[in-house]
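Listed below, chain by chain, are the residues.
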Amino acid sequence: MDHTAKLWDTATGRCQQTFRGHVDSVNHVTFQPFSNNICTASGDKTVSLWDSRSGLCIQTFYGHLNSVTCAAFSLRGDTIASSDADGVVKIWDVRMVAEREEIITGDYPVNQCHIDRSGSNIACACDDGFVRV
């Protein structure tokens, strides 16, 4: 793997931008609501925010101790929830570039996480077959 994320033009099938900077696999990509930013979750234990126009990394969030499997934005785009292979979900404040909370879901990896519309609940799909809210 080349440890990059790519932005593709669906009309032409061409790559518009390549995001370089992770040192391990990119496991998840999502758009920040109401912006031109893209968020990546990586095997290098980081979550990164990118400018989709320039391809430059705006910010990297450090704190996971294992591979980050997913990243999800709140509807307002000011909060990121990220999950990892240790079963940990971290809540990040995008504006303050700080970890707000850590949630330990159990002994199994969290494969996906999503924040509900209100921003007050997070659903986590875990490797043990359960969804935790």
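Since we're looking at a predicted model, the values are computed, not measured. (Residues numbered from 1 in each chain as written. Predicted model: local features only at pLDDT ≥ 70, side-chain atom pairs only at ≥ 80, totals over all residues. Heavy atoms only, no water.)

**Student:** Help me out: how do you make sense of the layout of surface pockets in this one?
**Tutor:** Remark: the empty space left among the atoms is shown by a probe the size of a water molecule rolled over them. As a volume, the largest pocket reaches approximately 250 Å³. Lining the largest pocket are 15 residues, with Ser 74, Thr 79, Arg 100, Gly 119 and Ser 120 sitting closest to its centre. Broken down by element, the lining of the largest pocket gets its largest block of residues, three residues, from strand S10 (residues 98-104). In the lining of the largest pocket, the residues fall into five nonpolar, five polar and five charged. (1 Å grid on protein atoms, 1.4 Å probe; cavity = no way out; pocket = protein on both sides within 12 Å on 5 of 7 lines; lining within 4 Å. Points joined across faces, edges and corners; volume = space filled by probe spheres on them. Helix = DSSP H or I, 4+ residues; strand = E, 2+ residues; numbered from the N terminus. Nonpolar A, V, L, I, M, F, W, Y, C, P; charged D, E, K, R; others polar.)

**Student:** Can you help me understand the sheet that holds strand S9 (residues 88-93) in this one?
**Tutor:** Whenever strands of a sheet pair, they do so through backbone hydrogen bonds, lying parallel or antiparallel. The antiparallel open sheet is built from four strands, whose spatial order is S7-S8-S9-S10. Pairing within the sheet leaves two strands with one partner each, and these edge strands are strand S7 (68-73) and S10. The average undirected angle you get between the axes of adjacent strands in this sheet is 20°. In the sheet, strand S8 (residues 79-84) pairs with S9 via five bridges, with the strands oriented antiparallel. In the sheet register, Ala 81 faces S9, and the bridge partner there is Ile 91. (Pairing = 2+ DSSP bridges. Axes fitted to C-alpha atoms, helices over the stretch in contact; angles between N-to-C directions.)

**Student:** Whenever I open this one, the pairing of strand S2 (residues 15-19) confuses me. Can you help?
**Tutor:** Looking along a regular strand, one sees the side chains alternate between the two faces of the sheet. Note: strand S1 (residues 5-8) against S2, four bridges, orientation antiparallel. From the neighbouring strand, Trp 8 faces S2, where its bridge partner is Cys 15. From the end of S1 to the start of S2, which pair antiparallel, there are six residues, and Gly 13 there has a positive phi angle of about 75°.

**Student:** Just to check I follow, could you spell out unusual backbone geometry for this structure?
**Tutor:** Glycine aside, negative phi is the norm for most residues, and most peptide bonds take the trans geometry. One non-glycine residue, Phe 34, adopts positive backbone phi at about 60°. Structurally, the position occupied by Phe 34 is in the loop between strand S3 (26-31) and strand S4 (37-42). You will see that Val 97, though not glycine, has its phi angle at about 50°, which is positive. Considering the arrangement of structural elements, one finds Val 97 in the loop between S9 and S10.

**Student:** How should the sheet that holds strand S11 (residues 110-115) be read in this particular structure?
**Tutor:** Strand order across the open sheet formed by three strands is S11-S12-S13, with antiparallel pairing between neighbours. The open sheet has two free edges, formed respectively by S11 and strand S13 (131-132), since each of these has just one partner strand. Examined bridge by bridge, S11 and strand S12 (residues 122-126) share five bridges and lie antiparallel to one another. Bridge pairing in S12 links Val 110 to Cys 126.

**Student:** Teacher, can you tell me more about the pattern of salt bridges here?
**Tutor:** Think of it this way: side chains of opposite charge can pair up when their charged atoms draw near. Under the criterion given, the structure shown has seven salt bridges. One salt bridge in this structure joins Asp 78 and Arg 76, with 2.5 Å as the shortest N-O distance. The buried category is assigned to Asp 78, whose relative accessible area is 9%. By relative accessible area, Arg 76 is classed as exposed at 65%. Put simply, Asp 128 and Arg 132 hold a salt bridge, and the shortest N to O gap is 2.7 Å. The exposure class assigned to Asp 128 is partly exposed, which follows from its relative accessible area of 22%. (Salt bridge = Lys/Arg side-chain N within 4 Å of Asp/Glu carboxyl O. Buried < 20%, exposed > 50% of the residue type's maximum accessible area, 1.4 Å probe, protein only.)

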